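Summary of the model geometry
Now for the letters of each chain:
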Amino acid sequence: MTDLPQISEAEFEVMKIVWKYAPINTNEITERLLKTTAWSPKTIQTLIKRLVTKGALTYEKQGRVFVYTPLVGRNEYVNQESSAFLKRFYNGNISAMLSSYLENHHLSEEEIAGLRAMLSDNTK
């Protein structure tokens, strides 16, 4: 797997919008993010430019409007970040991560049943 660009938390918020609505123009991205953040339109434009520079987004100019599409898939990026998290904090040991989580959080019966079902399906 090739390394994907490093995306900051703020850039990830932009990417979530692009992943969900692509192709999407600058004004639409800005409009959606203004509903959920306190960022200025200029900040949003800067984040978009950074993502283009990093190779996470591409754009096409349509008249006077820039339309963006992702160059990085959501699942691919989330998988890379999940693996990096697991390696960084738990030496790649998922059992250690789950054990740590279970020690500090109460799972409902439904969550436990869901985990059992996933593990059962994975062993088949």
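In the block above lies the structure referred to throughout.
Quantities reported herein were computed from a predicted structural model and do not represent experimental measurements.

Further remarks concern the packing of aromatic side chains. What the rule picks out here adds up to 7 aromatic pairs. Both rings, one in Tyr 59 and one in Phe 66, keep their centres 5.2 Å apart while their planes meet at 70°; by these two values the pair is edge-to-face. When its relative accessible area of 44% is taken as the criterion, Tyr 59 is described as partly exposed. Counting every residue linked through ring pairs, the aromatic cluster contains Phe 12, Trp 19 and Tyr 77.

Quick look at the side chain of Thr 26 now. On the secondary structure map, Thr 26 appears in helix H2 (residues 26-36). Its relative accessible area of 13% is what places Thr 26 among the buried residues.

For the pair H2 and helix H3 (residues 41-54), interaxial distance at closest approach is 10 Å and the crossing angle is 120°. Our classification of the angle between H2 and H3 gives oblique. Handedness of the H2/H3 crossing: right-handed. Touching Thr 26, Ile 29, Thr 30, Leu 33 and Leu 34 of H2 are Pro 41, Ile 44, Gln 45 and Ile 48, all from H3.

Attention now goes to unusual backbone geometry. In the segment running from Ala 22 into Pro 23, the intervening peptide bond is cis, with an omega of -5°. Topologically, Pro 23 is positioned in the loop between helix H1 (9-21) and strand E1 (24-25).

On the surface, Ile 94, Leu 98, Tyr 101 and Leu 102 cluster together into a nonpolar patch covering about 370 Å² of accessible area. Turning to its location among the elements, Ile 94 is positioned in helix H5 (residues 94-104). Residue classification places Ile 94 among the partly exposed residues on the basis of a relative accessible area of 47%.

Rules used throughout
Chains are numbered independently. Their residues run from 1 in the order of the written sequence. Under the rules for a predicted model, residues below a pLDDT of 70 receive no local features and side-chain atom pairs below 80 are neither given nor counted, while totals for whole chains, interfaces and linings still include all residues. To obtain the side-chain values, all non-hydrogen atoms of the structure were used and water was disregarded. For this analysis, a ring pair means two rings from Phe, Tyr or Trp (six-membered ring only for Trp) whose centres lie within 6.5 Å, classed as stacked if their planes differ by under 30 degrees, edge-to-face if by over 60, and tilted for the remaining angles. Burial classes: relative accessible area under 20% of the type maximum marks a residue as buried, over 50% as exposed, and values in between as partly exposed (1.4 Å probe, protein chains only). In this description a helix means any DSSP run of H or I spanning at least four residues, a strand means any run of E spanning at least two, and both kinds are numbered starting from the N terminus. In this analysis an axis means a line fitted to C-alpha atoms, helices contributing only their contacting stretch, and an angle means the value between N-to-C directions, from 0 to 180 degrees. These descriptions rest on fixed angle ranges, namely under 35 degrees for roughly parallel, over 145 for roughly antiparallel, 65 to 115 for roughly perpendicular, and the rest for oblique. It is the rotation of the near helix from the far one that decides the hand of a crossing: anticlockwise by less than a right angle makes it left-handed, clockwise makes it right-handed. Whether two residues touch is decided by their heavy atoms; if any such pair falls within 4.5 Å, the residues are in contact. Patches were defined on residues exceeding 30% relative accessible area and lacking a salt bridge, with like-charge contacts within 9 Å and nonpolar side-chain contacts (Val, Leu, Ile, Met, Phe, Trp, Tyr) within 5 Å. Surface exposure here means Shrake-Rupley accessible area, sampled with a 1.4 Å probe, where a residue is shielded only by the protein chains that are shown. One speaks of a salt bridge when a side-chain nitrogen belonging to Lys or Arg is within 4 Å of a carboxyl oxygen belonging to Asp or Glu.

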